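Chain residues, written in single-letter form:
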Amino acid sequence: MKKQELLHFMDDDLLDRLFGFCYARTSDSYEAQDLCSEILLALLNTAEKEGEIMSLSGFVWKIARNIHADYARRRKQMRNSLLPLESMENSLFPPAEEEHSAEMLKAIFHRIAFLTKAYRDIMIQFYLENHSIPQIAQLHQTSEGAIRQRLYVARNKIKSEVENMSETIEKPVSLNDIEFVIWGTGNPSFGDPRMIFQRQFSKHIVFLCMKKPMTPAEVASELNVPTRYVEEEMEILTEGEKNHYGFLRRMEHGKYGINCILMDKRTIQEAHSIYAQQIPSLANAIAEYVEKHRAEYLAFPYLNHKIEFNLILWQQIKHLSEAFSECVYHLLKNQYFPDAVHPDRPFSIFGHLDYGKHFGGGCDGVNAHNLCGYKFVFVENIYVSRVRKHFHCGMDLSNNLALQLALRAVQGLDIDTLSEAEKEHAAKAVQEGYLFREGNKLYTKILVFDAKDYQKLFSITNQFPKENFEQAAQDAAKKISRLIRKCIPSYLHGEWIHANALANLPILDGVIEALIEKELLIPPKDGVGAEGCWMCIEK
């Protein structure tokens with residue numbers, strides 16, 4: 001028979017006979033299991049080689065006798081390097097070695113914590129809970145031979161690490177500060193994984209899995225954290241906030257990989273540079289366009305007492321700045337990722353390692369019904385480096401007194417009709433840019449318009465010509481597609497749209513700064529004002 005066929009004959013009956021052979025030639029069951037495991041390993045190694053076996057029985061027992069002979073010669077050395085735990089607990093070391101014994105026992109307990117669950121459990125059950133091999137096999141619903149093999153592997157791992165105890169037990173936990181910049185898009189009520197991504201422990205695990213899929217044991221070894229804790233944390237990161245979308249995903253062979261677009265520092269800097277070089281030409285084109293269409297922008301039927309072109313431009317700037325990225329988006333969709341399937345989920349996250357450069361670009365909206373005499377209210381705000389956000393998705397408008405005062409002041413609100421408490425809130429609303437005072441009345445400063453005109457809100461901006469960007473967009477799309485295929489796992493290529501969004505981050509801030517230099521945009525003092533905030537109402 002061929003040596004590769006040896007595996008077919010390694011059944012429980014053969015394992016039991018081998019264990020009997022070993023038990024008869026050793027002083028206790030622990031040594032018998034060690035010896036039996038070594039014989040099994042030798043047989044497994046043989047099964048991977050070419051060649052013929054003339055007699056199965058003769059071959060097996062020849063291997064067994066040879067391994068036993070080698071084992072007997074090094075038995076004393078082996079005992080000194082790895083004694084059964086209960087032997088240590090019973091102080092079998094000579095008095096002169098008690099301090100060394102305690103140190104070794106501490107190291108062994110420490111390393112047991114680093115074993116994966118399958119090995120950790122049987123080590124605890126066998127050595128600490130005094131379960132027999134048959135009992136453990138029954139608990140795990142597997143064969144006794146499989147349990148012996150796991151014990152062998154676990155003991156050898158502990159043995160090798162305890163022999164280098166000074167290098168392992170004294171190794172510091174590798175949790176230096178590491179930070180990510182994480183963006184989200186969609187409806188966060190679906191479950192926002194960022195809510196459970198706060199601890200450095202979580203961030204380091206995700207950082208390691210960014211490089212390549214890893215098992216909990218591999219992560220534990222890198223971080224010098226017991227595998228049990230790594231297993232639990234990786235499960236939390238996989239399940240996410242609401243148990244169906246997280247930073248990690250389960251892969252083959254017990255490994256975990258990242259479950260969202262995440263870029264390292266080199267990749268995100270390269271991606272940002274692709275877009276950043278387009279800022280000057282884009283800003284010039286936007287400046288020329290808005291000046292040409294200033295009267296049309298001012299003609300939109302806002303409901304405000306006074307209209308400022310600066311506020312209109314702050315409202316429109318995000319859409320204007322997206323002209324170039326939209327060109328790149330269509331090229332990526334149609335030419336580079338035509339067959340990619342985007343995951344069907346209400347909310348997605350994407351981000352990169354923090355390299356010290358932060359950009360704005362957020363946009364949140366929230367609505368309410370039957371508020372302050374209006375049938376429907378929708379409010380929206382952008383937030384960038386120059387403008388801080390007023391509110392976030394999911395905010396309860398019924399608890400936002402500043403916005404309620406802005407709703408009441410659309411046609412003007414007599415200050416004398418306000419209570420003392422309302423006057424205090426009104427003063428704060430003026431400070432935050434929701435209101436302005438004219439005489440004895442308060443008026444809404446943030447832009448307000450009727451819901452029936454919503455479809456026309458960006459009609460002028462949507463006509464912004466994109467033809468001048470075609471060649472630059474072709475070059476950018478080619479570079480970004482290469483970067484995605486090189487640095488993003490293939491199973492995430494369906495989320496290329498998020499990679500493009502990350503690359504585009506410098507555009508909005510860059511265009512805003514360029515328009516401020518041209519004195520077309522005026523930023524709010526200290527970042528808080530009516531800029532970038534507006535309301536849509538239905539009576």
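Fair warning: this is a prediction, and the values are worked out from it, not measured in the lab.

A word on the overall build of the protein
Assigned secondary structure in the protein consists of 23 helices and 12 strands. Relative to its full complement of 539 residues, the protein shows a buried share of 50%. Looking at the protein alone, contacts between residues at least 24 apart form 74% of all its contacts between residues at least 6 apart. For the protein, the computed accessible surface area is about 26,700 Å², with 49% contributed by carbon and sulfur atoms.

Describing the confidence of the model for the protein
The predicted coordinates of low-pLDDT regions are not to be read in fine detail. Mean pLDDT over the protein: 84, with 86% of residues reaching 70 or higher. Of the regions scoring below 50 in pLDDT, residues 165-170 engages in 11 contacts with residues more than four places distant in sequence or in other chains.

A look at the environment of Thr185
Mapping Thr185 onto the fold places it in strand β1 (residues 180-186). Overall, the relative accessible area of 37% leaves Thr185 in the partly exposed class. Sequence spacing of Thr185 and Cys363 is 178 residues, and the spatial spacing of their C-alpha atoms is 9.4 Å. The residues touching Thr185, leaving out its near neighbours within four places in the chain, are Pro346, Phe347, Ser348, Phe350 and His498.

Things to note about the pattern of salt bridges
Scanning all chains against the criterion turns up 19 salt bridges. With a closest N to O distance of 2.8 Å, Glu179 and Lys203 form a salt bridge. One end of the pair, Glu179, is in the loop between α10 (165-168) and β1; the other, Lys203, is in helix α11 (residues 200-211), with 24 residues separating them in the sequence. Overall, the relative accessible area of 35% leaves Glu179 in the partly exposed class. Between Lys318 and Glu322 there is a salt bridge, and its shortest N-O distance comes to 2.7 Å. Residue classification places Lys318 among the buried residues on the basis of a relative accessible area of 17%.

Quick look at the sheet that holds strand β11 (residues 447-450)
Within the open sheet, the 4 strands sit side by side as β6-β7-β12-β11. Their pairing is mixed. Unpaired on one side and paired on the other, β6 (362-371) and β11 mark the two borders of the sheet. Averaged over all adjacent pairs, the angle separating strand axes in this sheet is 20°, with direction ignored. Where β11 meets strand β12 (residues 533-538), 4 bridges bridge the pair, whose relative direction is parallel. Residue pairing across strands places Phe449 opposite Cys536, the latter belonging to β12.

Thoughts on the environment of Ala499
Looking at the secondary structure, you find Ala499 in helix α22 (residues 496-503). The spacing of Ala499 and Met263 is 236 residues in sequence and 8.5 Å in space, taken between C-alpha atoms.

Observations concerning the sheet that holds strand β8 (residues 413-414)
What the 3 strands build is an open sheet, ordered β8-β10-β9; its pairing is antiparallel. Each having just a single partner strand, β8 and β9 (435-438) make up the two edges of the open sheet. Direction of pairing for β9 relative to strand β10 (residues 441-444): antiparallel, over a ladder of 4 bridges. Residue pairing for β10: Phe436 is matched across the bridge by Tyr443.

Conventions we followed
All residue numbers refer to positions counted from 1 along the written sequence of the respective chain. Where totals are concerned, whole chains, interfaces and linings use all residues; where local detail is concerned, this predicted model gives features only for residues with pLDDT of at least 70, and gives and counts side-chain atom pairs only at 80 or more. Based on all heavy atoms of the structure, the side-chain values leave hydrogens and waters out of the count. Helix and strand definitions here come from DSSP, where helices need a minimum of 4 consecutive H or I residues and strands a minimum of 2 consecutive E residues; each element is numbered from the N-terminal end. We call a residue buried when its accessible area falls under 20% of the maximum for its residue type, exposed when it is over 50%, and partly exposed in between, using a 1.4 Å probe and counting protein chains only. The contact criterion used throughout is that any non-hydrogen atoms of two residues lie within 4.5 Å. In these tables, accessible area is a Shrake-Rupley quantity obtained with a 1.4 Å probe, and a residue counts as shielded only by the protein chains included in the view. Per-residue confidence from the prediction method is given by pLDDT, with values spanning 0 to 100. The rule for a salt bridge is simple: a side-chain nitrogen of Lys or Arg has to be within 4 Å of a carboxyl oxygen of Asp or Glu. Here, any two strands with at least 2 DSSP bridges between them count as paired. The angle between two axes is taken between their N-to-C directions and runs from 0 to 180 degrees, where each axis is a line fitted to C-alpha atoms and a helix contributes only its stretch in contact.

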